[in-house]
Amino acid sequence: MTSRVERCGGCGRQLWLPPQAVAARCHACRSVTSFPSSSQRWAQVYGAVSQPHHNVVTTVPSNYLAAGPGNGKYPRQGCDNYYIDQPRPAWAPPPVYGRKKALLCGVTYNDTNYMLTGSINDVKSMWFLLVRMLGFPSDCVVILTVTNKWHSITFMEEEKNPYRIPTKQNIRTAMRWLAQDCQPGDSLVFYYSGHGSRQKDYNKDELDGFDETICPLDHETEGPIIDDEINATIVRPLPRGAKLHAIIDSCYSGTVLDLPYVCKINGEEYKWEDQRIPTACYKGTSGGIALSFSACSDNQTSASTSAFSGKDVTGAMTSSFIQAVKNERCLTYGRLLAAMGDAIPSLMPNDTDVIQEPQLSASETFDIFTKQFIL
């Protein structure tokens, strides 16, 4: 069981607790501190009404803290901290465990001169693909957009929950949820549609000297989220037997997950380029596999199109990805990458100046024409 760390409200010592704990008695000062469990934290973020107390020193009957299996004792690393089990809340947040989990982010930057019109459509299309076609449970898909409530799959009104707006802090929190307690057999998806950028690499772990970034809604005041942080949050925690697929539809997104290998494909031939720098920190997983489909290389921009639907604007990369997955069974990674590369020029026949080459990067190398693509 994964534990979490809280601080005693009496003496300030660290307390090691299970995720469902709502109170603990400190082994040092013997005071009892109440706090929200991880379930309650996520319930607050995703719409629950209960607001548990935090760091409140209380006294409770001793029989509530009795030791023994199943009735409250949780020792770890020699600590003798106790907790009180809580009932399951009436509203539950998206489950931490599950074979399929996804985070979908669509940023439109309304009322700015760099507003995007297709990001919401991208998220709707990706939700439909994952939930209706690929079997992702709808309650295991977290969506961050400026609109979120829908009838069927049509977004109807402006998002009112401030935790579901794609700000920097909310995207960070949701990425942590995606990777939280990942187990062997889990399949995770991180999808992002919005602006991307580049900035100077200060820790010297990039071959080209630039960090790639995604731009949250509040990036002008809070700054972007750089590839180093994305890698540390959702790539490195992956245990053996788990997999992560990222689909990133933004400019300069080629290595935005900072994965060690980038695949370069030319017809039926391909090669893996090693992006590692011997003196840089480790950018792989904890035994699992991470793969990223990006809209373009690190020095290219991505485009939108209405050719896919005939009227609604969507990202060209997103449209080509979904089209390929829908149209072909038993896709290999190589065939999917080639199909996306072939489709993008046809989706933008009038944009002859657009040079956009979808990229595949991974935490390990493999034969892209024999390995089957499975989310």
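One structure accompanies this document, and this report is about it. Computed from a predicted structure; not experimentally measured.

1. Topic: the sheet that holds strand E13 (residues 210–214)
Phase 1 of the analysis: Taken together, three strands build an open sheet; the order of strands is E12-E13-E14 and the sheet is antiparallel. What marks the edges here is a single partner per strand, and that holds for strand E12 (196–200) and strand E14 (225–226).
Phase 2 of the analysis: Here E13 runs beside E14; their pairing, made up of two bridges, is antiparallel. Paired with Ile214 across the two strands is Ile225, which belongs to E14.

2. Considering the nonpolar core
Phase 1 of the analysis: Residues Leu104, Met126, Phe293, Phe321, Leu336, Leu360 and Phe373 are the most contacted members of the largest nonpolar core, which totals 38 residues.
Phase 2 of the analysis: For this core, the element with the most residues is helix H2 (residues 119–133), which contributes six residues.
Phase 3 of the analysis: Setting aside residues up to four positions removed in sequence, Leu336 forms contacts with Phe293, Phe321, Ala324, Val325, Leu331 and Phe373.
Phase 4 of the analysis: The next biggest cluster of nonpolar side chains, apart from the first, holds 31 residues, and it includes Ala174, Cys182, Ala242 and Leu257.

3. Some remarks on the environment of Pro162
Phase 1 of the analysis: By the element assignment, Pro162 lies in the loop between strand E10 (154–158) and helix H3 (168–179).
Phase 2 of the analysis: A C-alpha to C-alpha distance of 9.4 Å links Pro162 and Val146, two positions 16 residues apart in sequence.

4. Concerning the side chain of Asp186
Phase 1 of the analysis: Looking at where Asp186 falls in the secondary structure, it is placed in the loop between H3 and strand E11 (187–193).
Phase 2 of the analysis: Summary of buried charges: Asp186 has no salt-bridge partner, and the nearest side chain of opposite charge, Arg99, is 5.9 Å away.
Phase 3 of the analysis: Side-chain polar atoms of Asp186 contact the backbone nitrogen of Gln183, separated by 2.9 Å.

5. Notes on the packing of aromatic side chains
Phase 1 of the analysis: In this structure the tally under the stated criterion is nine aromatic pairs.
Phase 2 of the analysis: With centroids separated by 5.4 Å and ring planes inclined at 65 degrees, the aromatic side chains of Tyr333 and Phe366 adopt a geometry described as edge-to-face. In this pair, Tyr333 is assigned in helix H7 (residues 333–347) and Phe366 in the segment after strand E21 (359–362), connecting sequence segments 33 residues apart.
Phase 3 of the analysis: Looking at Tyr333, the relative accessible area reads 2%, which means it is buried.
Phase 4 of the analysis: Among the aromatic side chains, those forming a connected cluster through ring pairs are Trp272, Phe293, Phe321, Tyr333, Phe366 and Phe373.
Phase 5 of the analysis: When the ring centre of Trp177 is taken as origin, the NZ or CZ atom of Lys101, which lies over that ring, is 4.5 Å away.
Phase 6 of the analysis: The aromatic ring of Phe366 is capped on one face by Lys371, whose charged end is 5.6 Å from the ring centroid.

About the cut-offs
Residues numbered from 1 in each chain as written. Predicted model: local features only at pLDDT ≥ 70, side-chain atom pairs only at ≥ 80, totals over all residues. Heavy atoms only, no water. Pairing = 2+ DSSP bridges. Helix = DSSP H or I, 4+ residues; strand = E, 2+ residues; numbered from the N terminus. Core = buried A, V, L, I, M, F, W, Y, C linked by side-chain atoms within 4.5 Å. Buried < 20%, exposed > 50% of the residue type's maximum accessible area, 1.4 Å probe, protein only. Contact = heavy atoms within 4.5 Å. Lys, Arg positive; Asp, Glu negative; His and termini not counted. Salt bridge = Lys/Arg side-chain N within 4 Å of Asp/Glu carboxyl O. Polar contact = N/O pair within 3.5 Å; in protein donor to acceptor, adjacent residues only side chain to side chain. Phe/Tyr/Trp six-rings, centres within 6.5 Å; stacked < 30°, edge-to-face > 60°. Lys NZ or Arg CZ within 6 Å of the ring centre and 35° of its normal.

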